[in-house]
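Fold and geometry: a report
One letter stands for each residue in the lines below.
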Amino acid sequence: MLFVCVVKLERELKVETMNTVYMAFANQKGGVGKTLFTTLVASYLHYLTKINVVVVDADYPQYSIVAARNRDLDLIQRDEYFKRLAYNQFSVIQKQAYPILKSIPAEAIKTADDYLQNKIPNVILFDLPGTVQSEGVLKTLAGLDYIFIPISADRLVLESSLSFARTIQKAFVNNKSTRLKQVFLFWNQVDARENKSMYEVYGRIIRGMNLVLLESHVRDTKSFRKEILQERRIIFRSTLFPASKRFAHDSNVEALVLEIAKIVLA
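In short, a report on the structure. Because the structure is a prediction, the values reported are computed rather than measured.

**Brief notes about the pairing of strand β1 (residues 21–25)**
Along any regular strand the residues' side chains alternate between the sheet's two faces. Counting buried residues along β1, 5 of its 5 residues qualify, which places the element largely inside the surrounding structure. Neither face of β1 is open: one carries V21, M23 and F25, the other Y22 and A24, and all of them are buried. Across 4 bridges, β1 lies against strand β4 (residues 123–127) in parallel orientation. What sits directly across from M23, in β4, is L125. As judged from the 3 bridges shared by β1 and strand β5 (residues 146–151), these two strands associate in the parallel manner. Within β5, the residue paired with M23 across the bridge is Y146.

**Notes on the packing of helix α2 (residues 34–48) against helix α10 (residues 253–265)**
Here α2 crosses α10 at 75°, and the two axes come no closer than 10 Å. As judged from the angle between their axes, α2 and α10 are roughly perpendicular. In contact with F37, L40, V41, Y44 and L45 of α2, α10 contributes V253, E254, L256, V257, L258 and A261. Residues that form the contact of α2 with α10 fall into these classes: 10 nonpolar, no polar and 1 charged.

**A look at the packing of aromatic side chains**
Considering all chains together, one arrives at 15 aromatic pairs under this definition. With 5.1 Å between their ring centres and 90° between their planes, F37 and F186 make a pair best called edge-to-face. Residue F37 is located in helix α2, and its partner F186 is located in strand β6 (residues 182–190); the two are separated by 149 residues in the primary sequence. As far as burial versus exposure is concerned, F37 and F186 are alike and both buried. Their ring planes at 15° and their centres at 5.3 Å tell us that F148 and F184 sit as a pair that is stacked. With F148 in strand β5 and F184 in strand β6, the pair connects residues that are 36 residues apart, well separated along the chain.

**Considerations on helix α8 (residues 196–208)**
Three or four residues apart is the spacing at which side chains of an α-helix point the same way, because the helix has 3.6 residues per turn. Taking 1.5 Å of rise per residue, the 13 residues of α8 would be expected to cover 18 Å, and the 19 Å separating its terminal C-alpha atoms lies within 8% of that figure. Within α8, burial applies to Y199, G203 and I206. Mapping the buried residues of α8 onto a view down its axis gives an arc of 65°, with all of them on the same face. In α8, the exposed positions angled more than 90 degrees off the buried face are occupied by E200, R204 and G208. Phi for N210, located one or two positions after α8, is positive at around 65°.

Conventions used here
- Residues numbered from 1 in each chain as written.
- Predicted model: local features only at pLDDT ≥ 70, side-chain atom pairs only at ≥ 80, totals over all residues.
- Heavy atoms only, no water.
- Buried < 20%, exposed > 50% of the residue type's maximum accessible area, 1.4 Å probe, protein only.
- Helix = DSSP H or I, 4+ residues; strand = E, 2+ residues; numbered from the N terminus.
- Pairing = 2+ DSSP bridges.
- Axes fitted to C-alpha atoms, helices over the stretch in contact; angles between N-to-C directions.
- Parallel < 35°, antiparallel > 145°, perpendicular 65-115°, else oblique.
- Contact = heavy atoms within 4.5 Å.
- Nonpolar A, V, L, I, M, F, W, Y, C, P; charged D, E, K, R; others polar.
- Phe/Tyr/Trp six-rings, centres within 6.5 Å; stacked < 30°, edge-to-face > 60°.
- Expected span 1.5 Å × (residues − 1).
- Arc of directions from axis to C-beta.

Honestly, that's just the spatial picture; any functional story needs more than this.
Quick look at the structure:
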C-alpha cells in the first residue's frame, strides 16, 4: 500500500512562504520518547505533506536516527516488498528522503545554519541526548524556536519533566538573547484504563504553573517499541516511510502531529 494522502494541514498552511522552524522533542528524563517522536513527526510531515524536513541527529554518541536510517536502507535492499514500496512512494511525492545531518550537541545549531546556506527546508528537527548535563544541550535548546516535552502520569517522571519545562521556560522563553518562543507539554503513554480525572487534575496543575499543555495525547501502545514488521508489512517507526495509517490513527500520533504543525508553521 502506498502511504500518500492529502491532509487538512495543507489547506491551512502556505508551505512555500514558511520560514524554517527549529524544533525538538526534549526532556531531562531518558526513555520518554524524544527520538521516537522525532522520527514519527519527521516522517509524517515529510512523506505525507508538502512540508520539507531535515533532521539533525546530535544524540551523541549513539546517533539513534542515523542508525535507523542505515537499517531502513539495508531493509529496502534486501526486501523486494519494501523496495517496491519505496520506489512507488518517492515516484509519487517527487522528493527524496529527508536528510539526516550528524552533529554533536554543541554544534547542532551551526550544523543546521550551515545547511540553510544551500537549501531551505520548512522544519528542522533536532535529536539531542537525554540529559541536559551533556555538553552543548542547553546551548542548542536556547537556539530552537519550539520545544515539545513528552510527559507521563508517573509521578517521578512528571515531577522531573515539569521541573525541566519550568527551567527552560524561565531561562529562555521571552529572553531577547535567545530564539526560543515557547515550550509545550503533551501526554504520552496514556492508558485508557487510568482515571481520567487524574489527568484533569494534573492538567490544572500544569496550567497553574503557566505551562502550555497540548490538547492531543498519545495512547499507550506496545507498537512504539517496534520499527518495521517485515512478516506483516506493517510500519511503525521508519526514516523512509510514514507510520502505517491505522497505527498513526489508533495511537493518536496523527492528531498530535497536526496540532504541532499548526502551532509551529501557522
